Amino acid sequence: MTAKSMIPYVEGSSAIRAMFEEGAKLVAKYGAENVFDFSLGNPSVPAPPELNQAIKEVLEEEDSLVLHGYNKSNSGYTEVRQAVAEHLNKEHGTKFTYENIIMTVGVAGGMNVILKVLVDPGEELLVFAPFFAEYSSYAKNHGIEMKVVPPNTDGSGSESGIPFQPNLAAAEKMISENTRAVLINSPNNPSGVIYSEETIKALAKILKAKSEEFGNEIYLIADEPYRDLAYDGAEVPFVTKYYDNTVVGYSWSKSLSLPGERIGYLVIPSEITDFEGIIPAINTIQRVLGFVNAPSLMQKAVAKCLDCKCDISVYDRNRKALYNGLTEAGFECTYPQGAFYMFVKSPYEDEIKFVDKAREHNILIVPGTGFGCPGYVRMAYCIEYDTIKRATPKFKELMEDIKKDIEGNK
């Protein structure tokens, strides 16, 4: 019999995945050309050719027994970690060495590892809505109490006045002596908003003050798989520059279109409190959680491709087309600065009704409740451009249907 502890996980399983599976059923029934699936953030841009070439070179250069064996260190290959450190130093003006880099099984693996290391069961993790839906499961799995800062939908609670920047005024009131870490995600999934330098500086100031007030460390964890997907010249602040007790998680899932290869890293700055204790704890937890070490072949391959990026102009074109199509139909959207998601305000108070109504038009979208932001839906635009163009008249039909429904219920 399945363990009782699994029941809430299954009942609260990913709405994103459920919608994706619903899409497969609709395709079988109506044909792919008549289904418009905006549910899953699965990159639609191929990995750059340099990546495939790098894999071939690694297979030719390395002893297969060594390459496919355990790493000598759970932190990953030293030369790969050093290459990552030097790349970050060049990009961000930092001074990392291999000792500051831990290779991980994707950024999801990295987030689970660092939460286990930094936050004890019963302690608090603060997240800002909207947040990546899986954070709830990560916290629950480690016995962590996750406190959600309400979404800043109109910009009034942020430093910059931009919607969906973190609501720092609310966060400052919610931080307690039991708060051990704050987790941020920028560029944000699902809103596409980039947390500004102004926001990061203000958050760092709050965390420093609260750490002093309560006499313990409050860590800042930055989840950054979309760091390299930023548009219109937008800058993504590198958070270690602003707050010493910061950990950064990254993966190549989006920048190199490798979500299935599960390869990423954690940055642990030397300035972090208890650096000497955190590193061995991470290596131990890598084993305890069953990761052992990051995939060996992919470590070697990505080290050859640190200056490579996918062609995000494809996503940029999709971003503009989807935004224009939705707004022309009368929907209210947040224009994304990064990532590949559009956050759309529901015309209904209950966004589940919006999701259901969209499904009637074979449009698949994800409710915002799972992201801590009811009243909104997420649409992923990492899909074929032609799908967005074919969906555009459907958006207008959907809005007309919604208007009739709302009028009919008055």
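That block above? That's the structure.
Just so you know, these numbers come straight off a predicted model, no measurement behind them. (Residues numbered from 1 in each chain as written. Predicted model: local features only at pLDDT ≥ 70, side-chain atom pairs only at ≥ 80, totals over all residues. Heavy atoms only, no water.)

## Considering the packing of helix 3 (residues 49-61) against helix 11 (residues 296-303)
Part 1 of the reasoning: Where helix 3 contacts helix 11, the two axes come as close as 8 Å, and the packing angle between them is 120°. If you check the angle between helix 3 and helix 11, you find them oblique. Relative to helix 11, helix 3 is oriented so that their crossing is right-handed. Together, L51, A54, I55, V58 and L59 of helix 3 and L297, M298, K300 and A301 of helix 11 make up the contact between the two elements.
Part 2 of the reasoning: Of the residues that constitute the contact of helix 3 with helix 11, the class distribution is eight nonpolar, no polar and one charged. (Axes fitted to C-alpha atoms, helices over the stretch in contact; angles between N-to-C directions. Helix = DSSP H or I, 4+ residues; strand = E, 2+ residues; numbered from the N terminus. Parallel < 35°, antiparallel > 145°, perpendicular 65-115°, else oblique. Left-handed = near helix turned anticlockwise from the far one by under 90°. Contact = heavy atoms within 4.5 Å. Nonpolar A, V, L, I, M, F, W, Y, C, P; charged D, E, K, R; others polar.)

## Focus: the packing of helix 6 (residues 106-118) against helix 10 (residues 275-288)
Part 1 of the reasoning: Contact geometry of helix 6 with helix 10 gives a least axis separation of 9 Å together with a crossing angle of 125°. Here helix 10 runs oblique to helix 6, going by the angle between their axes. Here helix 6 runs over helix 10; the crossing is right-handed. For the pair helix 6 and helix 10, the contacting residues are V113, I114, K116, V117 and L118 in the first and I278, A281, I282, I285 and Q286 in the second.
Part 2 of the reasoning: Its residues assigned to classes, the contact of helix 6 with helix 10 shows eight nonpolar, one polar and one charged.

## As for the layout of surface pockets
Part 1 of the reasoning: If you add up the space inside the second largest pocket, you get close to 420 Å³.
Part 2 of the reasoning: Lining the second largest pocket are 23 residues, and of these E91, H92, R227, D228 and V236 sit closest to its centre.
Part 3 of the reasoning: No other element matches the four residues that helix 5 (residues 78-92) contributes to the lining of the second largest pocket.
Part 4 of the reasoning: Looking at side-chain class alone, the lining of the second largest pocket contains 13 nonpolar, three polar and seven charged residues. (1 Å grid on protein atoms, 1.4 Å probe; cavity = no way out; pocket = protein on both sides within 12 Å on 5 of 7 lines; lining within 4 Å. Points joined across faces, edges and corners; volume = space filled by probe spheres on them.)

## Details of the pairing of strand 4 (residues 145-149)
Part 1 of the reasoning: Pairing geometry for strand 3 (residues 124-128) and strand 4, over five bridges, is parallel. Across the sheet, residue L125 finds its bridge partner in strand 4, namely M146.
Part 2 of the reasoning: Taking the sense of rotation as the criterion, the β-α-β connection linking strand 3, helix 7 (residues 135-141) and strand 4 turns out right-handed. (Pairing = 2+ DSSP bridges. Right-handed = clockwise from strand over helix to strand, strands pointing away.)

## Some points on the environment of N188
Part 1 of the reasoning: Relative to the assigned elements, N188 resides in the loop between strand 5 (179-185) and helix 9 (197-214).
Part 2 of the reasoning: Residues N188 and R227, 39 residues apart in the sequence, show an inter-C-alpha distance of 9.4 Å.
Part 3 of the reasoning: With sequence-adjacent residues up to four places away left out, N188 is seen in contact with P130, V193, Y195 and A339.

## Some remarks on the sheet that holds strand 8 (residues 264-267)
Part 1 of the reasoning: As summarised here, the arrangement of the seven strands in space is 2-8-7-6-5-3-4, forming an open sheet in which the pairing is mixed. What marks the edges here is a single partner per strand, and that holds for strand 2 (101-104) and strand 4. Across the sheet, the mean angle separating the axes of adjacent strands is 20° when strand polarity is ignored.
Part 2 of the reasoning: Where strand 2 meets strand 8, four bridges bridge the pair, whose relative direction is antiparallel. Looking at strand 8, one finds that M103 is bridged to Y265.
Part 3 of the reasoning: Packing of helix 5 onto the sheet brings it into contact with strand 2 and strand 8, and relative to strand 2 it is tilted by some 115°.
Part 4 of the reasoning: Its contacts with the sheet place helix 10 against strand 2, strand 6 (219-223) and strand 8, and it is angled at close to 10° to strand 2.

## Focus on the nonpolar core
Part 1 of the reasoning: Of all hydrophobic cores here, the largest spans 56 residues; its most connected members are M103, F128, I184, W252 and Y265.
Part 2 of the reasoning: With six residues, helix 9 is the single largest residue contributor to this core.
Part 3 of the reasoning: In contact with I184, not counting residues within four places along its chain, are F128, Y135, Y195, I200, L203, L220, I221, A222, D223 and V239.
Part 4 of the reasoning: With 37 residues, the next largest nonpolar core counts F38, A380, Y381 and I383 among its residues. (Core = buried A, V, L, I, M, F, W, Y, C linked by side-chain atoms within 4.5 Å. Buried < 20%, exposed > 50% of the residue type's maximum accessible area, 1.4 Å probe, protein only.)

## Brief notes about the pairing of strand 10 (residues 341-345)
Part 1 of the reasoning: Burial analysis of strand 10 places four of its five residues in the buried class, the great majority of the element.
Part 2 of the reasoning: Taking the residues that link successive antiparallel strands as the turn, the strand 9 (residues 333-334)-strand 10 hairpin has six residues, and the phi of A339 there is positive, at about 60°.
Part 3 of the reasoning: Pairing of strand 10 with strand 13 (residues 376-380) involves five bridges; the strand directions are antiparallel. Paired with M342 across the bridge in strand 13 is M379.

## What about empty space enclosed by the protein?
Part 1 of the reasoning: Inspection of the entire model under this criterion finds one cavity of 30 Å³ or more.
Part 2 of the reasoning: By volume, the largest cavity amounts to about 50 Å³.
Part 3 of the reasoning: If you trace the largest cavity, you find it lined by L326, F331, V344, F354, I363, I365, M379, F395 and L398.

## Remarks on the side chain of R81
Part 1 of the reasoning: As for its position among the elements, R81 is in helix 5.
Part 2 of the reasoning: The buried charged residue R81 lacks any salt bridge, with E99 as its nearest oppositely charged partner at 7.1 Å.
Part 3 of the reasoning: Among the polar contacts made by the side chain of R81, one reaches the main-chain carbonyl oxygen of Y98 at a distance of 3.1 Å. (Lys, Arg positive; Asp, Glu negative; His and termini not counted. Salt bridge = Lys/Arg side-chain N within 4 Å of Asp/Glu carboxyl O. Polar contact = N/O pair within 3.5 Å; in protein donor to acceptor, adjacent residues only side chain to side chain.)

## Here's the deal with helix 13 (residues 351-360)
Part 1 of the reasoning: Where helix 13 is concerned, the buried positions are E351, F354, V355, K357 and A358. The arc that holds the buried residues of helix 13, viewed along the axis, is 165°, so those residues lie on one side.
Part 2 of the reasoning: The distance from a side-chain oxygen at the start of helix 13 to the backbone nitrogen of I352 is 3.0 Å, and the residue carrying that oxygen is D350. (Arc of directions from axis to C-beta.)

## Focus: the environment of L126
Part 1 of the reasoning: By secondary structure assignment, the location of L126 is in strand 3.
Part 2 of the reasoning: For L126, a relative accessible area of 1% puts it in the buried group.
Part 3 of the reasoning: Along the primary structure L126 and L207 are separated by 81 residues, whereas in three dimensions their C-alpha atoms are 11 Å apart.
Part 4 of the reasoning: Among residues more than four places away in sequence, those in contact with L126 are K147, V149, A171, M174, I175, A181, V182 and L183.

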